[in-house]
Amino acid sequence: MIEWDFSITLNREPTGEEADALYEAGLDDCSIGGAKLYCDREAETLMDAIESVLLQIRTVPGLWATGVGEDDGVTLGDAARRHGGRTQASLRQLATGQRGPGGFPKPLIEADNISLYSWAEISEWLRTEMGDDIPAVNRDIVIADAAVKLACRARETHQQAQVGHIYEIAC
């Protein structure tokens, strides 16, 4: 078994009674900070660890996960802050091809002069193409976060069955 470190964002900060219920549900390997759970879970894979925590959260009425890890979508300014060693201007030059080897990750979304990139893609590119010493982002976190966010949107619009069906068709 491997110990996986990750965080899960809840729909709100748990009450004292709910925090006790989370602990009793098996989340004694997670600490609570506001609406975040910081987990150190042993499992075969990261996905297994995340799944087990999500299942235990569901046992506490009124609480559910709204995200896993940090948001993957970043502006170049956000990416510079996460990197800690590059400026927004430096990243902009890499993104436009004015500097570096080219091939900077494409934005996920471009609208009204704002581009949103994947931090997992940017950090991987900076490590492999530029030799930057920054931690890797586990793609499983990004996938789990997207799945949790999709589930929340489906719940909000009462479309769980339809979204589940589309998922099955798309796979």
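The present account deals with the structure reproduced in this document. Small disclaimer: the values here were computed from a predicted structure and weren't measured.

Examining the packing of helix α2 (residues 46-57) against helix α6 (residues 139-156)
No. 1: Remark: α2 packs on α6, axes separated minimally by 10 Å, with the N-to-C direction vectors making an angle of 30°. Classified by the angle between their axes, α2 and α6 sit roughly parallel to one another. The element α2 and its partner α6 pack so that their crossing is right-handed. Of α6, the residues touching α2 (which contributes Leu-46, Met-47, Ile-50 and Leu-54) are Asp-140, Ile-141, Ile-143, Ala-144 and Val-148.

Remarks on helix α3 (residues 76-83)
No. 1: Those residues of α3 that fall on the buried side of the exposure criterion are Leu-76, Gly-77, Ala-79, Ala-80 and His-83. Angularly, the buried residues of α3 cover 160° about the axis, an arc narrow enough to put them on a single face.
No. 2: Turning to α3, the residues buried within the fold contact β5 (73-74), α4 (88-96), β7 (114-118) and α5 (119-130).
No. 3: One or two steps after α3, the chain reaches Gly-84, where phi turns positive at roughly 85°.

Notes on the nonpolar core
No. 1: Within the largest apolar cluster, 23 residues are counted, with the highest numbers of intra-cluster contacts made by Phe-6, Leu-22, Val-53 and Ile-57.
No. 2: Of all the secondary structure elements, the ones that give two or more residues to this core are β1 (2-10), β3 (36-43), α2, β4 (65-68) and α6.
No. 3: The greatest single-element share of this core, amounting to five residues, is contributed by α2.
No. 4: Counting residues in each nonpolar core, the second largest holds 13 residues, with Ala-79, Leu-94, Leu-126 and Ile-134 among its members.

Cut-offs and rules
Residues numbered from 1 in each chain as written. Predicted model: local features only at pLDDT ≥ 70, side-chain atom pairs only at ≥ 80, totals over all residues. Heavy atoms only, no water. Axes fitted to C-alpha atoms, helices over the stretch in contact; angles between N-to-C directions. Helix = DSSP H or I, 4+ residues; strand = E, 2+ residues; numbered from the N terminus. Parallel < 35°, antiparallel > 145°, perpendicular 65-115°, else oblique. Left-handed = near helix turned anticlockwise from the far one by under 90°. Contact = heavy atoms within 4.5 Å. Buried < 20%, exposed > 50% of the residue type's maximum accessible area, 1.4 Å probe, protein only. Arc of directions from axis to C-beta. Core = buried A, V, L, I, M, F, W, Y, C linked by side-chain atoms within 4.5 Å.

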